[in-house]
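# Residue-level structural notes
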Amino acid sequence: MRTRVLGFIAVVVFAVLGAGANAAQADVDTKTCEATGGQVQYDPSTGLWTCVGGVHDKEAVV
């Protein structure tokens, strides 16, 4: 019984940490990137959309 409870707690903790990491990574949206002089481009090496140029250069796009 203790193992199940500890396992459940571990799953919840990792889920919360994972959600927080994704939220921290996504800094800017497409409109904000383009409005501040940048362009949204796909980076195949990371698999992420990033803002290139402007105020939010090299930041991940939501």
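If you're wondering where the values come from, they're calculated on a predicted model, not measured in any experiment.

Moving on to the overall build of the chain. Regarding its fold elements, the chain presents 2 helices and 4 strands. Along its sequence from the N terminus, the chain presents helices and strands in the succession α-β-α-β-β-β. Every one of the 62 residues in the chain was classed for burial, and the buried ones make up 13%. Put simply, 26% of the contacts in the chain that link residues at least 6 apart link residues at least 24 apart. Counting every atom, the chain has about 4800 Å² of accessible surface; 63% of that belongs to carbon and sulfur.

The subject of this paragraph is the confidence of the model for the chain. Detailed reading of the predicted coordinates is not advisable wherever pLDDT falls low. Mean pLDDT over the chain: 78, with 63% of residues reaching 70 or higher. Mean pLDDT in the chain bottoms out at helix α1 (residues 2-25), which sits at 61, and peaks at strand β2 (residues 39-43), which reaches 94.

Bringing the environment of V40 into the picture now. Tracing the chain through its elements places V40 in strand β2. The partly exposed category is assigned to V40, whose relative accessible area is 23%. Between the C-alpha atoms of V40 and D57, which are 17 residues apart in sequence, the distance is 9.6 Å. In this structure V40 touches T30, C33, E34, W49, T50 and V61, once residues within four positions along its chain are discounted.

With that settled, the discussion passes to unusual backbone geometry. Even without a glycine there, the phi angle at K58 is positive, about 70°. Mapped onto the secondary structure, K58 falls in the loop between β3 (48-52) and β4 (59-61). Assessed through its relative accessible area of 70%, K58 is described here as exposed.

Before going further, it helps to examine the pairing of β3. Alignment of β2 against β3, held across 5 bridges, turns out to be antiparallel. When the bridges of β3 are listed, Y42 appears paired with W49. Sheet analysis places β3 next to β4, joined by 2 bridges and oriented antiparallel. Following the sheet pairing, C51 is matched in β4 by E59. Counting the residues in the hairpin turn of β3 and β4 gives 6 residues, including G53, whose phi is positive at 90°.

What counts, and where the lines are drawn
- Residues numbered from 1 in each chain as written.
- Predicted model: local features only at pLDDT ≥ 70, side-chain atom pairs only at ≥ 80, totals over all residues.
- Heavy atoms only, no water.
- Helix = DSSP H or I, 4+ residues; strand = E, 2+ residues; numbered from the N terminus.
- Buried < 20%, exposed > 50% of the residue type's maximum accessible area, 1.4 Å probe, protein only.
- Contact = heavy atoms within 4.5 Å.
- Areas by Shrake-Rupley, 256 points an atom, 1.4 Å probe, with all protein chains shown as cover.
- pLDDT = per-residue confidence, 0-100.
- Pairing = 2+ DSSP bridges.

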